[in-house]
Amino acid sequence: LDIYHLILAPTHACNLRCKHCYLPDHDTNLLPEWVALRLVDEWSEIVLKERGPFRGIFHIKGGEPFVVPYLGRIMARLTELKSLRLMLTTNGTFTKAEIFESLRICNNALDGQVTVVVSLDGASAPTHEKLRGVGHFTLTMIFLQNLQRLGIQTFLNCVLHESNLQEVDDYIALAKRLAISQINFLPLVPKGYGTILRCHQASHLQVYTVLRRAFDNGDEETRSLLAGSLPAISDQEARRNLCAATECVAAYRGLLYIK
């Protein structure tokens, strides 16, 4: 893997209670700010030494990163260092102007090396809100439109289950309208809160069939969008051809997950 990737989940706290959440709780314990900032500095040193400027990602997840009180100070430290890419994975339900201003400043300082991964579990309000709650589709669309306005690279995460498989084509069309760079279609894993949805889990064959058809019948833009879903739609031979490394990366020095 050419680009190092550190994932930090400083808390399990979240403003939503999604039915399919894989976390076993929404514990509000928070990693101390000084530890998080030290991780930024140490990760920057490792990346600069072993890969060079912007060849490493500092990826903040949760829980929900936008409930972390010191998120702005992490972004400010990254802005000062100008050595790491920033990635955030969020439910996209936050609409305060100051959030987008912070993202704009950080993205400009890092030469466009900010990526926001937004969870959107359907192409329509009823489908998305079946998992995430009433009213949240509109908030997430506003969030995505603001990212589009600012020109910030945006990925989508979509958890596939029996009730939204039929929306895949509409979902891809929506992603194109929003200038999304990548879609990560993910199978529902009934874990944590999500154990109650086991009966709605789509089979691997169902997921493969739908995504394979979208990939094979899609144009160049569609195939590019589905890059994040390739493990679900490619056979072993195709994966060997598409990936630089096919071995397990669990012990790879460049991939870390800190909770």
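Glancing now at the packing of aromatic side chains. Each pair of aromatic rings is reported with the distance of its centres and the angle of its planes. By the definition in use, this model includes 5 aromatic pairs. Measuring from ring centre to ring centre gives 5.3 Å for Tyr171 and Phe185, while their planes differ by 55 degrees; the resulting arrangement is tilted. Here Phe185 lies in strand β6 (residues 182-187) and Tyr171 lies in helix α6 (residues 168-177), a separation of 14 residues in the sequence. Residue Tyr171 is classed as buried on the basis of its relative accessible area, which comes to 2%. Assessed through its relative accessible area of 3%, Phe185 is described here as buried. Taken together, the ring pairs in this structure connect Phe66, Phe94, Phe100 and Phe143 into an aromatic cluster. Over the ring of Phe215 we find Arg223; its NZ or CZ atom is 4.9 Å from the centre of that ring.

Next up on the list: helix α5 (residues 136-150). An α-helical segment advances 3.6 residues per turn. Residues three or four places apart therefore align on the same side. An ideal rise of 1.5 Å per residue puts 21 Å on 15 residues; α5 measures up with 21 Å between its terminal C-alpha atoms. Looking at α5, one finds that the buried residues are His136, Phe137, Thr140, Met141, Phe143, Leu144, Asn146 and Leu147. Summarising the contacts, the buried residues of α5 are in contact with β3 (85-90), α3 (97-109), β4 (114-119), α4 (125-132), β5 (153-160) and α6. Residue Gly151 follows α5 closely and has a positive phi angle near 70 degrees.

Before going further, it helps to examine the side chain of Lys61. As for its placement among the helices and strands, Lys61 is situated in the loop between β2 (56-60) and α2 (71-81). Lacking a salt bridge, the buried Lys61 has Glu64 as its closest oppositely charged neighbour, with an N-O distance of 11 Å. With residues up to four places along the chain from it excluded, the contact list for Lys61 reads Ile7, Leu8, Ala9, Pro10, Tyr22, Thr89 and Tyr257.

Where α4 meets α5, the closest approach of the two axes is 8 Å, and the angle between their N-to-C directions is 105 degrees. Comparing the axis directions of α4 and α5 gives the class roughly perpendicular. Only His136, Phe137, Thr138 and Thr140 of α5 make contact with α4, whose side of the interface consists of Ala125, His128, Glu129 and Arg132.

When pLDDT is averaged along the protein chain, the result is 90, and 93% of the positions lie at 70 or above. A low-confidence stretch, residues 236-247 (pLDDT under 50), is modelled with 6 contacts involving residues beyond four sequence positions or located in other chains.

Sizing a probe to match a water molecule and rolling it over the atoms shows the empty space that remains. Here the second largest pocket defines a volume of roughly 180 Å³. Along the wall of the second largest pocket there are 13 residues; nearest its centre are Phe66, Leu71, Gly72, Ile99 and Ser102. Elements supplying a minimum of two residues to the lining of the second largest pocket: α2 and α3. Looking at the lining of the second largest pocket residue by residue, the class counts come to 9 nonpolar, 2 polar and 2 charged.

Considering the arrangement of structural elements, one finds Gly254 in the loop between α10 (236-242) and β7 (255-258). Of the residues examined, Gly254 reaches a relative accessible area of 1% and is grouped as buried. Remark: the alpha-carbon pair of Gly254 and His59, spanning 195 residues in sequence, is separated by 13 Å. Ignoring anything within four residues of it in the chain, the contact list for Gly254 reads Tyr4, His5 and Trp43.

Here the structure, examined in full by the defined rule, presents 9 salt bridges. For Arg55, the salt bridge identified is with Asp2, shortest N-O distance 2.0 Å. With a gap of 53 residues between them, Arg55 in the loop between α1 (33-50) and β2 and Asp2 in the segment before β1 (4-8) connect regions that are remote in the sequence. Between Arg77 and Glu80 there is a salt bridge; the shortest N-O distance is 4.0 Å. Of this pair, Arg77 and Glu80 both sit in helix α2, 3 residues apart, which is roughly one turn of that helix. Among the residues examined, Arg77 registers a relative accessible area of 22% and is labelled partly exposed. The exposure class of Glu80 is exposed, given its relative accessible area of 60%.

The rules behind the values
- Residues numbered from 1 in each chain as written.
- Predicted model: local features only at pLDDT ≥ 70, side-chain atom pairs only at ≥ 80, totals over all residues.
- Heavy atoms only, no water.
- Phe/Tyr/Trp six-rings, centres within 6.5 Å; stacked < 30°, edge-to-face > 60°.
- Helix = DSSP H or I, 4+ residues; strand = E, 2+ residues; numbered from the N terminus.
- Buried < 20%, exposed > 50% of the residue type's maximum accessible area, 1.4 Å probe, protein only.
- Lys NZ or Arg CZ within 6 Å of the ring centre and 35° of its normal.
- Expected span 1.5 Å × (residues − 1).
- Contact = heavy atoms within 4.5 Å.
- Lys, Arg positive; Asp, Glu negative; His and termini not counted.
- Salt bridge = Lys/Arg side-chain N within 4 Å of Asp/Glu carboxyl O.
- Axes fitted to C-alpha atoms, helices over the stretch in contact; angles between N-to-C directions.
- Parallel < 35°, antiparallel > 145°, perpendicular 65-115°, else oblique.
- pLDDT = per-residue confidence, 0-100.
- 1 Å grid on protein atoms, 1.4 Å probe; cavity = no way out; pocket = protein on both sides within 12 Å on 5 of 7 lines; lining within 4 Å.
- Points joined across faces, edges and corners; volume = space filled by probe spheres on them.
- Nonpolar A, V, L, I, M, F, W, Y, C, P; charged D, E, K, R; others polar.

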